[in-house]
Amino acid sequence: MIARSRLEAVVTGFRSGAKLVHAEQLTGGVSADVFRLDFLESDGTPDSVVLRAHGENHSGHPAQLEFDLLAALFASGLPIAQPLAVDVSKKRLDNDYLVSAFIDGTSTIEPGCAAARIEVAARVLAQIHKTTAHGLPPLPERFEPLPEVFDYWPEGDEWQPLKAHLQSTSVPGFSGPPSLCHGDFWPENILWREGAIVGVLDWEDAAWGDHLSDLACSRLEFRYRFDVEGMQTLTRAYQVERNVDVERLAVWQIYVAAAAQCFMSEWGLPARQERHMRKTALLAIQEAGEFLMNGTPFL
């Protein structure tokens, strides 16, 4: 927990004369501490911001790069929280941090609204992928799942036939213009208000590359939460917006699911949730493999 005095210093660092009223730690990723900070402007006007302070194990983009990316995306009209400040001086906090405008919304999707919400999410994901590079800072590239996927390969002899198939088969390479990929487009990073997406959060893993890497990641994440039906709804709605190379999507599905099951034990998940997600990830690898080797329906 960050001391209140240091949070007060964050507020006065970007709003001279402001007074911190309340600080609430929010749920966030494993690599950052996230707070809602409520304060009064020097004239007494109330306001709220979100502080995202990098943790000791932060592995995403440097704070300045993330700030520059968010500023460009906000200006482009995407549903992004306006970035307000970035500090890499280590004078106020021990680690780098960003401050963004607070968005009044919720990440909760009620069961009766799931299908409609997922279709909206798919359209916003496709909109992100259509973003042009103009005005954006340089980002890492994410074009090919092979051969890196083998670094995350699950243990067990039952996975060897698929591994041998991928090692011996020529998978079509990436073609076409690169897309902006969010890198972690899942339900907890999407804020809703009155049925519309008002905020897409956590851009620390954004990259330029194959949009199918992003779609594969989202398919798995929505499957964790909404089972196969949610994953299929997302995919069908996305296909309305963009063509999908099913073979490459299958390979990316293996990549993201293999990486997930490899690192899942580091995410601090409750045991029951980890078992569910690990089982789902391995099943996703199996299904994609059966499509690649035997032509079994995949989508």
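Whatever comes next refers back to the structure up there.
Please read all numbers here as calculations on a predicted model, not as lab measurements.

A. Representation of the overall build of the protein in the model. Within the protein one finds seven helices and 10 strands. Scaling as 2.2 N^0.38, a compact globule of 299 residues should have a C-alpha radius of gyration of about 19 Å, and the protein matches this with 20 Å. Summarising its shape, the C-alpha atoms of the protein cover approximately 70 × 40 × 35 Å along the three principal directions. In the protein, which comprises 299 residues, the proportion classed as buried is 48%. Put simply, of all contacts in the protein between residues at least 6 apart along the chain, 69% involve residues at least 24 apart. Working note: accessible area of the protein is about 14,400 Å², and carbon and sulfur atoms make up 50% of it. Here the protein contributes 25 positively and 41 negatively charged side chains, and the mean placements of these two sets differ by 3 Å.

B. Structural detail: helix α2 (residues 63–76). In this model, α2 (14 residues) spans 20 Å end to end at C-alpha, consistent with the 20 Å of a helix rising 1.5 Å per residue. Taken together, the buried positions of α2 are A63, L65, E66, F67, L69, L70, A72 and L73. Those residues of α2 that are buried lie in contact with β3 (46–54), β4 (83–87), β5 (97–101) and β7 (179–181).

C. Layout of the packing of aromatic side chains. The tally for this structure, following the rule as stated, stands at eight aromatic pairs. Ring centres 5.0 Å apart and planes at 50° place the aromatic pair F143 and F174 in the tilted group. Taken together, the residues F143 in the loop between β6 (141–142) and α4 (160–168) and F174 in the loop between α4 and β7 connect sequence positions 31 residues apart. Using a relative accessible area of 21% as the deciding quantity, one classes F143 as partly exposed. Summarising the aromatic geometry, the rings of F150 and W153 are spaced 5.6 Å apart at their centres and angled 50° between planes, so their arrangement reads as tilted. In this structure, F150 and W153 share a single accessibility class: buried.

D. How the structure looks around the side chain of E204. Relative to the assigned elements, E204 resides in the loop between β9 (196–200) and β10 (207–209). Judged by its relative accessible area of 10%, E204 falls in the buried class. One polar contact links E204 to R52, side chain to side chain, over a distance of 2.9 Å. Setting aside its immediate chain neighbours within four residues, E204 contacts S31, R52, H58, G60, H61 and E66.

E. Highlighting the sheet that holds strand β2 (residues 32–40). Read across the open sheet, the five strands follow the order β1-β2-β3-β5-β4; overall the sheet is antiparallel. Of all strands in the sheet, those with a lone pairing partner are β1 (19–26) and β4, marking the two edges. Averaged over all pairs of adjacent strands, the angle between strand axes in this sheet comes to 25°, irrespective of strand direction. Inspection of the sheet shows β2 paired to β3 by nine bridges, in the antiparallel sense. Bridge pairing in β3 places D38 opposite S48. Across the sheet, helix α1 (residues 4–14) is in contact with β1, β2, β3, β4 and β5; its angle to β1 comes to roughly 115°. Against the sheet, α2 engages β3, β4 and β5, with an angle of about 165° to β4.

About the criteria used
Residues numbered from 1 in each chain as written. Predicted model: local features only at pLDDT ≥ 70, side-chain atom pairs only at ≥ 80, totals over all residues. Heavy atoms only, no water. Helix = DSSP H or I, 4+ residues; strand = E, 2+ residues; numbered from the N terminus. Rg over C-alpha atoms; globule rule 2.2 N^0.38 Å. Buried < 20%, exposed > 50% of the residue type's maximum accessible area, 1.4 Å probe, protein only. Contact = heavy atoms within 4.5 Å. Areas by Shrake-Rupley, 256 points an atom, 1.4 Å probe, with all protein chains shown as cover. Lys, Arg positive; Asp, Glu negative; His and termini not counted. Charge placed at Lys NZ, Arg CZ, Asp CG, Glu CD. Expected span 1.5 Å × (residues − 1). Phe/Tyr/Trp six-rings, centres within 6.5 Å; stacked < 30°, edge-to-face > 60°. Polar contact = N/O pair within 3.5 Å; in protein donor to acceptor, adjacent residues only side chain to side chain. Pairing = 2+ DSSP bridges. Axes fitted to C-alpha atoms, helices over the stretch in contact; angles between N-to-C directions.

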